[in-house]
Amino acid sequence: MAAPSRLPSNEEQSADAAGGGSATPSQGIPVVDLGVLVNGAADERSRAIRDLGRACEDWGFFMVTNHGVPEALREAIMDTSKELFRLPLEEKKEYMRAKPMDPIRIGTGFYSVVDAVPCRRDYLKMFSHPEFHCPEKPAKLREIAMEYGTCTRALLLELTKAISESLGLAGGRLSEALNLDSCFQILVGNHYPACSRPDEEALGLSAHSDHGLLTLLFQNGVDGLQVNHNGEWLLAKPLPGSFFVIAGDQLEIVTNGRYKGVLHRAVVGGEQSRMSFVSLIGPAMDTVVEPLPEMAPDGRGLEFRGIRYRDYMEMQQSKSINEKTALDIIRMKHQGEMLTCQGGSTPST
Ligand SMILES: O=C(O)CCC(=O)C(=O)O
Ligand SMILES: [Fe+2]
């Protein structure tokens, strides 16, 4: 596969390739205060749960504040991830040959073997739960990533509890259905190199939804994440110290489409290199994920067929990334009362 240093030329990845990179600066991105969700008085808390439900239903995207992840830990993981990208190619080669389901991968684009459009992103992906995996260098990465993984997993599980309540279910219902005690977690460092022609916007990562349940993301102070809200691309600008939370495909499946895995992309191309760091949780790998019966009373109106999370992830990660084509494969086709599955189709690549 292509080395992270072999990036497409500016011409190859102009804003045209991004499908028009322009976006309106974000307004009204919901903000969730974790302090209130965890320690708020009853009435304050129920309001926060209701707002969280709206954020998941209307946006599939929000910011979280008062999250308890120390700023020093965020800086440490970002700095160490930057050090990794700067290592000589020789040190990273082993992981650049990795396949989509290998626990440590370094690469370019989404999956450069199949990418339909070149993307200006270098990435490090490492599975961090239930088993922790990490490259040997930089030496301090192991300790920092382990702590970051533990801390952000706790935060994401707390959010999941509140999301479960926002659906009118018990706090533990989603965790029980998705076996989150042994949840899957992946940490991803993204690096978008600075552009030699900074006047041109470039595609950093094509529009997609994430394969997991919830994604937590922060960036190095350089904007570029765009979210699709009501058909419009908005540039996401974070509140200082906050995280972005992105609803993923498993949340859409398990809620029978009530909460949506939001489409997002990265558009870059400035003078400064951009970095983001992602912590994503999903169901335990061997869980068959399907709409909760509570979300589809009497089995009517099922939007998705069940699929093992491992199979879903492999399918999504092995294809050229293209919006929500992976989810579309398990989407049911409604014909009056008859439900048929679109299982015969394949994702466009
Ligand atoms: O870098 C970003 O802001 C987006 C990254 C992303 O969407 C991903 O890693 O799945
Ligand atoms: Fe993403």
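From a predicted model like this one, the values you see are computed outputs, not experimental measurements.

Novice: Quick one: what's the story with the sheet that holds strand 6 (residues 184–192), residue by residue and with numbers?
Specialist: Here we have 8 strands laid out as an open sheet, ordered 2-3-11-8-13-6-5-4, and mixed in their pairing. The outermost strands of the open sheet, each flanked by one partner alone, are strand 2 (31–33) and strand 4 (104–108). Neighbour-to-neighbour, the strand axes of this sheet turn through a mean angle of 25°, independent of strand direction. Both strand 8 (residues 214–219) and strand 13 (residues 274–282) contribute to a ladder of 6 bridges, which runs antiparallel. Residue pairing across strands places L217 opposite V278, the latter belonging to strand 13.

Novice: Tell me about the coordination of the iron ion (ligand 2), and please be specific about residues and values.
Specialist: For the iron ion (ligand 2), the protein coordination sphere consists of H208 (NE2), D210 (OD) and H264 (NE2), at 2.1 to 2.2 Å. When the donor residues of the iron ion (ligand 2) are listed from N- to C-terminus, their spacing reads H-x1-D-x53-H. Of this pair, H208 sits in strand 7 (residues 202–208) while H264 sits in strand 12 (residues 264–268), and the two are 56 residues apart along the sequence. Each member of the pair H208 and H264 is classed as buried.

Novice: Could you give an account of the environment of E143, with specific residues and numbers?
Specialist: Secondary-structure assignment places E143 in helix 5 (residues 141–166). Judged by its relative accessible area of 64%, E143 is exposed. Considering only alpha carbons, one finds E143 and H229, 86 residues apart in sequence, at a separation of 37 Å.

Novice: Which residues make up the packing of aromatic side chains, and what values do they have?
Specialist: Tallying each qualifying case throughout the model produces 6 aromatic pairs. An angle of 45° between the planes, with centres 6.3 Å apart, marks the rings of Y148 and F218 as tilted. Residue Y148 is found in helix 5, and its partner F218 is found in strand 8; the two are separated by 70 residues along the sequence. F218 matches Y148 in its accessibility class, with the two residues each being buried. Taking 5.4 Å as the distance between ring centres and 90° as the angle between the ring planes, the aromatic pair formed by Y148 and F277 counts as edge-to-face. Note that Y148 is positioned in helix 5 and F277 in strand 13, a separation of 129 residues in sequence. By the burial criterion, Y148 is buried, and F277 matches it. Cluster of aromatic residues (ring-pair linked, three or more members): Y148, F218, F243 and F277. Lying over the aromatic face of F218, R74 brings its terminal NZ or CZ to 4.5 Å of the ring centre.

Novice: Help me get a handle on the confidence of the model for the protein chain, residues and values and all.
Specialist: For the protein chain, per-residue confidence averages 87 on the pLDDT scale, and residues scoring 70 or more make up 84% of the total. Overall, residues 1–19 carries pLDDT values under 50, and its contacts beyond four positions in sequence, including any with other chains, amount to 55 contacts. Under a pLDDT of 50 for its full length, residues 336–349 has, in the predicted model, 30 contacts with residues more than four places off or in other chains. Across the interface, the model reports ipTM at 0.99; the global pTM reads 0.89.

Novice: So what's going on with the nonpolar core? Which residues, and what values?
Specialist: In terms of nonpolar packing, the biggest core is built from 90 residues, with L37, F61, Y148, L159, L214 and L251 touching the most fellow members. Examining the composition of this core, we find that 9 residues originate from one element, helix 5, more than from any other. Residues in contact with Y148, not counting those within four places in the same chain, are V69, L73, R74, I77, L187, F218, F243, F277 and S279.

Cut-off values and rules
Residues numbered from 1 in each chain as written. Chains lettered and ligands numbered in written order. Predicted model: local features only at pLDDT ≥ 70, side-chain atom pairs only at ≥ 80, totals over all residues. Heavy atoms only, no water. Pairing = 2+ DSSP bridges. Helix = DSSP H or I, 4+ residues; strand = E, 2+ residues; numbered from the N terminus. Axes fitted to C-alpha atoms, helices over the stretch in contact; angles between N-to-C directions. Donors = N, O, S within 2.8 Å, 3.2 Å for Na, K, Ca; no water. Buried < 20%, exposed > 50% of the residue type's maximum accessible area, 1.4 Å probe, protein only. Phe/Tyr/Trp six-rings, centres within 6.5 Å; stacked < 30°, edge-to-face > 60°. Lys NZ or Arg CZ within 6 Å of the ring centre and 35° of its normal. pLDDT = per-residue confidence, 0-100. Contact = heavy atoms within 4.5 Å. Core = buried A, V, L, I, M, F, W, Y, C linked by side-chain atoms within 4.5 Å.

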